[in-house]
Amino acid sequence: MQAIARILHHALPKPPADLVVGPSLQAVWERCRPEGLATLEVLFYCGGRLFVMVSGSAAAARLRQEGPDLLARLRTEPGLAELREIVTRRTGRQGSPNVTVKAATPLRSELGARCFGSLAATVDDPALKASLARLAVALATDGSRRA
């Protein structure tokens, strides 16, 4: 198992070290934002940028107006000291984001596939052997083919 953990640690993509998402970021946002920005939704923080979902140009203008004070308050929070800017993303008419999202980094990894394939060959447990073989195939084929 330790060998698998080492391989996974080196083969799988890792999120940025300063990525903040979820309830902890939501709590910080609710503490720091002014009441006039209560309808805005915080998405995530990464690389000195806080991403916020706005419903329209009026909300974005209000955020720009409140921006300097809001940035100062947010920078005092743990993990956000390096905050440089607030980036807005606008929702569409039905409430869906009106932004282009880059596709996720492909899972394909030739080295990872070879490692898991050779590891599967050395394992005696049939269920674990089959799982490792499936993982090797998924890594080799970008996850698009099932084993």
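Residues numbered from 1 in each chain as written. Predicted model: local features only at pLDDT ≥ 70, side-chain atom pairs only at ≥ 80, totals over all residues. Heavy atoms only, no water.

Next up on the list: the overall build of the protein chain. When you go through the protein chain residue by residue, the secondary structure sums to five helices and three strands. A fraction of 58% describes how many contacts in the protein chain between residues 6 or more apart in sequence connect residues 24 or more apart. Total accessible area on the protein chain stands at roughly 9,800 Å², and carbon and sulfur atoms take up 55% of it. (Helix = DSSP H or I, 4+ residues; strand = E, 2+ residues; numbered from the N terminus. Contact = heavy atoms within 4.5 Å. Areas by Shrake-Rupley, 256 points an atom, 1.4 Å probe, with all protein chains shown as cover.)

What holds strands together in a sheet is hydrogen bonding between their backbones, with the strands either parallel or antiparallel. With mixed pairing, three strands are arranged side by side in an open sheet as 1-2-3. This sheet does not close on itself; its edge strands, each paired only once, are strand 1 (41-46) and strand 3 (85-90). Looking at each pair of strands side by side, their axes are set apart by 25° on average, direction ignored. Across six bridges, strand 2 (residues 49-54) lies against strand 3 in parallel orientation. (Pairing = 2+ DSSP bridges. Axes fitted to C-alpha atoms, helices over the stretch in contact; angles between N-to-C directions.)

In this section: the packing of aromatic side chains. Going through the model one piece at a time under the given rule, you end up with one aromatic pair. Aromatic side chains Phe44 and Phe51 sit 4.5 Å apart centroid to centroid with 20° between the ring planes, which places their arrangement in the stacked category. (Phe/Tyr/Trp six-rings, centres within 6.5 Å; stacked < 30°, edge-to-face > 60°.)

Of the residues in the protein chain, 79% have a pLDDT of 70 or more, and the chain-wide mean is 78. Confidence, read as mean pLDDT per element, is least for helix 1 (residues 2-11) in the protein chain (75) and greatest for helix 3 (residues 57-75) (90). Segment residues 94-106 is flagged for pLDDT under 50; beyond a separation of four residues in sequence, or across chains, it makes 11 contacts in the model. (pLDDT = per-residue confidence, 0-100.)

All right, on to the side chain of Glu77 then. Here Glu77 is to be found in the loop between helix 3 and strand 3. On the basis of relative accessible area, Glu77 is assigned to the buried category, the value being 14%. If sequence neighbours within four positions are ignored, Glu77 has contacts with Val28, Arg31 and Cys32. (Buried < 20%, exposed > 50% of the residue type's maximum accessible area, 1.4 Å probe, protein only.)

Helix length check: helix 4 (residues 110-122), at 13 residues, gives a terminal C-alpha distance of 19 Å against a target of 18 Å (1.5 Å per residue), a fit within 8%. At its buried positions, helix 4 is contacted by helix 1 and helix 5 (126-140). (Expected span 1.5 Å × (residues − 1).)

Let us now look at the pattern of salt bridges. A complete count under the given rule lists four salt bridges for this structure. With a shortest N-O distance of 2.6 Å, Arg31 and Glu77 are connected by a salt bridge. With a gap of 46 residues between them, Arg31 in helix 2 (residues 23-32) and Glu77 in the loop between helix 3 and strand 3 connect regions that are remote in the sequence. Assessed through its relative accessible area of 53%, Arg31 is described here as exposed. (Salt bridge = Lys/Arg side-chain N within 4 Å of Asp/Glu carboxyl O.)

Strand direction decides the pairing type here: strand 1 and strand 2, joined by five bridges, are antiparallel. If you follow Tyr45 over to strand 2, its bridge partner there is Leu50.

Attention now goes to the environment of Ala140. Along the polypeptide, Ala140 turns up in helix 5. Among the residues examined, Ala140 registers a relative accessible area of 28% and is labelled partly exposed. Note: C-alpha distance between Ala140 and Leu111 (29 residues apart in sequence) is 8.6 Å.

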